[in-house]
Amino acid sequence: MSAAKVKMRKKKMRNQPASVQYASSPRPADSSAQKTGGAAPVTGGGGGGSGPSDVHPNTERSKNPHPWGGWVRGHQRDGGGYAKEMPKYITAGAFAKARASEVRTMLKAATKTTGSCHVFGALPKHMRRRAMSHNTKRLPCRLRDVANRMREKSLQAGSKKKKKEEPKCRSRKARRQHGNLLLEFNRRQRKNVWLETHIWHAKRFHMVKKWGYCLGHRPVYKCYRASYRAMSSHCLLQDLSYYCCIELQGEEDKLLASLSQLTSKEAGPTFAAALSLSGQRQGSVVVHRAGRYPMQPLGPVTFLWRPCAQGSTHRQLWIWAHPTIKQDLIPELQTVCQCSEAVLPPVDPAVTPAEVVPALEPEPKPEKTPESKQITGTKRKQIFKDDSEPCAKMILGDGTRSPTTPVTWKSSSNGIVISDLTMEIVRYRLIGPQSHSVLVETMEAATDCDGMNKSQPSSLWWPEHCKNESKMNLHRQQADVFRLLKGIYSTGELPSGTVLGLTVDDPRLTLPTKKVKALPCVKQAQGVEEEKRKELMLQGAPAHCCQSSLWERSVRDNVTVNQISNKLLNHMRSELLVPGSRLSPTPLQGRVPILLVHQPGKQVGHEMSSWGAGWDLLIPKGWGMAFWVPLVYRGVRIGGLTMSLKHSQNKGAAHFPHDYPDCPAGARFQEEQEAQLLHKFKRYPPAKRTNYIKHGCLAPFCCPWQQLAEEWEFILREGGEEREGDRWTQTSVTVTKPPVRVTVLRNRKSLRLLSGWCRPTTSKGQRVRRGGGVSPLDRSAMTLFLSAHGTSLVWVRLSLPSKGKPQLHAMLCVPTVEDLKAPNASGPQEPPHREHFKRRKNGSKAAAASSLCSEPNHSAPEGPAFSPRTSPDLPLGVWPDPLPSVTAHCSRVTLGWVTQGDFSLSAGCGEALGLVSVAGLLNTLFNQPAERRGTLLLRNPDSLHYRFAKVNLEV
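The paragraphs below set out a description of the structure included in this document. Positions within a chain are numbered from 1, following the residues in the order the chain's sequence is written. pLDDT decides what is reported in this predicted model: residues at 70 or higher carry local features, side-chain atom pairs at 80 or more are listed and counted, and totals for whole chains, interfaces and linings draw on all residues regardless. Calculated side-chain values reflect all of the structure's heavy atoms, with hydrogen atoms and water omitted.

Focus: the overall build of the protein
Here is the rule: Runs of E in the DSSP output that reach at least two residues are strands. Runs of H or I that reach at least four are helices, and both are numbered from the N terminus. Working definition: with a 1.4 Å probe on protein chains only, accessible area under 20% of the residue-type maximum means buried, over 50% means exposed, and in between means partly exposed. Here, two residues are considered to be in contact whenever any of their heavy atoms come within 4.5 Å of each other. Surface accessibility in these figures is a Shrake-Rupley result with a 1.4 Å probe; residues are shielded only by whichever protein chains are displayed.
When helices and strands are tallied, the protein shows 27 helices and 29 strands. Burial analysis of the protein (955 residues in total) assigns 48% to the buried set. If you take every contact in the protein between residues at least 6 apart in sequence, the share linking residues at least 24 apart comes to 75%. With an accessible surface of roughly 50200 Å², the protein has 53% of that area assigned to carbon and sulfur atoms.

Some details on the side chain of T894
In this fold, T894 is placed in strand β26 (residues 894-904). Once you skip the residues sitting within four places of it in the chain, T894 turns out to touch L708, W712, L812, C813, V886 and T887.

Concerning the pairing of strand β4 (residues 205-210)
Rules: The pairing criterion is simple: DSSP has to find at least two bridges between the two strands.
In terms of strand pairing, β4 meets strand β5 (residues 213-219) through 6 bridges, oriented antiparallel. The residue bridging F205 from the neighbouring strand is P219, located in β5.

Some remarks on the environment of P806
Following the sequence through the fold, P806 ends up in the loop between β24 (792-799) and β25 (811-813). When the C-alpha positions of P806 and A912 are compared, they lie 6.2 Å apart, and in sequence the two are 106 residues distant. Excluding its chain neighbours within four sequence positions, the residues that come into contact with P806 are L800, G901, D902, G910, E911, A912, L938 and N940.

A closer look at the nonpolar core
The condition is simple: Here, the term nonpolar core denotes a set of buried Ala, Val, Leu, Ile, Met, Phe, Trp, Tyr and Cys residues that are joined through side-chain atoms within 4.5 Å.
Counting residues in each nonpolar core, the largest one holds 64 residues, and the members touching the most others are L754, W757, V794, V796, L921 and L922. Discounting chain neighbours no more than four positions away, the residues touching L922 are L754, W757, L777, M782, F785 and L786. Among the nonpolar cores identified, the runner-up in size contains 46 residues, and F482, L502, L631 and V636 belong to it.

Some words on the pairing of strand β6 (residues 236-239)
Looking along a regular strand, one sees the side chains alternate between the two faces of the sheet. Both faces of β6 are covered, namely the face carrying L236 and Q238 and the face carrying L237 and D239. Note: β6 against strand β16 (residues 425-431), 4 bridges, orientation antiparallel. Each bridged residue has a counterpart across the sheet, and for D239 the counterpart in β16 is Y428. Of the pairings in the sheet, the one linking β6 to strand β20 (residues 637-638) comprises 2 bridges and is parallel in character. When the bridges of β20 are listed, L237 appears paired with I638.

Structure representation (structure tokens):
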């Protein structure tokens, strides 16, 4: 029995009477004991046999310390002997007293409850409920009285103690009041920003705190395949409101001159692209620090120009960026635009509430008292101390930012103004071929103000908008284009980046009573409508239809402030004669300006063209849930951050910040990811951890890109290597360019040339035929290419034609000549490596690592210095820093690592996206035979098995 069980047993038996046994050993000689015969026994804790009243009258106490002779305890109190014979007679009175004392002790022990006993112990486990401790009526009848007595005793004991302070938490009824819910909603946004759909996501998603926001990571229900089906055949909805919007205003030529310092035409279209500059298309570009291309990239951004007004050169530009880029992008924009003067935010004036609908009776005004003001309602009362204290309002926008923090900067030299519109515009992304069908079913073009006297001024923006006939003509043309979307079969049929401005009615007015699945309504149109539809599919929306009132801050603020509350809207619905019908006329506050931006799907490669295309919906802040719920009721699937990554994987596109190691945000992400993976690795028991040293994996938690580029640059500077069996031979390729910081190759011309040398294949291994125009891969072309991009990395897509599922940080290696002779085999095996650190019990890891220099296949090149040192926090099975040679550590030379990898449901095989060294890839392609060119080996960190992989460089 363990010590804990012994202690518990002693605690339970402390009130039990001691066992009574017959004495078997003789007691000391005593004449008086022989005379009396010891009639009564010595009893236990009840005190019944050894008191003065129990002493026999013929007993001499001074001579016999144990007057009752034969019956004693099981242990000897005074060290004396025990009687051998039974007493001849006993005294009835003393014997009865002793037995009565034992019975009292037994009953006391049976009825007294200890700390570990409870009335629920008498119940079987399947009947025990936590609610029984608060409501004894839930207990069986035979146990209710005992439970009530225990409760009364606990209450009495509590009343004797000092009265405790009133608990801070209020009752649930008080906490669920509207005002208290609002205060709690605002309080919990002080550290991390909440999106407008946070409450909806928090009930259905696993939430994570990233980038200063609280975001939905993945649903609590299984939906991986269902989400893929939604992206492939219907629609997937995501809330991307955490993306930051930066607004630039100024003269067009000055804006273009400033922004040209951040981009280069070699990497693709810039801010000055013709279609993007007209406002008809959304553009995308990778921005760099001013004048530092191709070095020091900041990350990818998307931008949208406002269509230029006739005869005006003043332009307005929105730049949408990931929140991790914002801290680096805004200072760079301030530098190139010379906007150093901060504009303090103005004090918000008192906002006038929305106009009350004439059909509703105005609420009675509360009576004012000199002490306080009461606002009475149907369910609650709010009391304010004085008129100066306003009612609490929901925080819309960035609640973590101080009201005095400047969000606008201007330049006194060129007139450019930079504004931070983070959380000022809600952005939803719909992915899938039926995204346009969902939008058409959810929203309707705004109706005109026919029943209103247009001569009277109004505080709402839509009645003033209706007074301008040219604006209303533009609205009707935009509504016609929007209705044309209903006849298009798939979202991918539209030009990528198409922009359409529109004003719609409040989508809550047309909310269906139950969820329905929006489907396309394709009908054979004739005449003018068919021509307009074809023009829309070929050229996108006309330039004048891209205009929207969402660009104007005054309109956005007016729409946000004058939004109809759900309570008022439900009250208006309850007064309808026909339940479920639409409100008529539409309330004047229910007109919302929006922008629809087409998102292209897969644009590179020869497979799954336009897969994952969709629409982005831009709406003013405050209207998030008003549009979110109607979209959900159209049968869309909701995705989180995980689905964003899977969407990029299926498209074969790089995902930010995961696949941008040369950007500051990508470097920070890799550091955080390494810490998380290492923490997870340490949580496993030592016997359950993968020994990465024995697997020959130097970097299971991170990818040393800089070391990889430096080693390949050193190898090719000394001479290219070609593996023939187990022997290394040198080629005559020489690179004289000094080593520089690692970057990702983004030059379009160079990428097309390298893609042609890779001989791209499909995911099934079929070669794609291309026309001429690609120069052959020879030594002169290779030398010229490496002189320009020798230390760069390049994105590649890999597909496994046979078995295998690529994992994160899987190694991409060069196959040997023997490996290429049997390409249909399952793949070679890596021989197990020795665990050097575990054998050195008295030495350090550095001393064990220093012995590797004398072993084959573990020698580091002479270029990067290798001086192992001790890493006390690193567990066994993982290499300490600095790492040995990452290229020559294993039996196959390493080219790079995988950043995204999984089984692709679209391709039906394992696919991965990774980064490899340009020098290593070019050297591998040059040494491979023409029919086997583009074949690499892939090995997961926890495996010794290499898999053949087809490399594709899609441009």
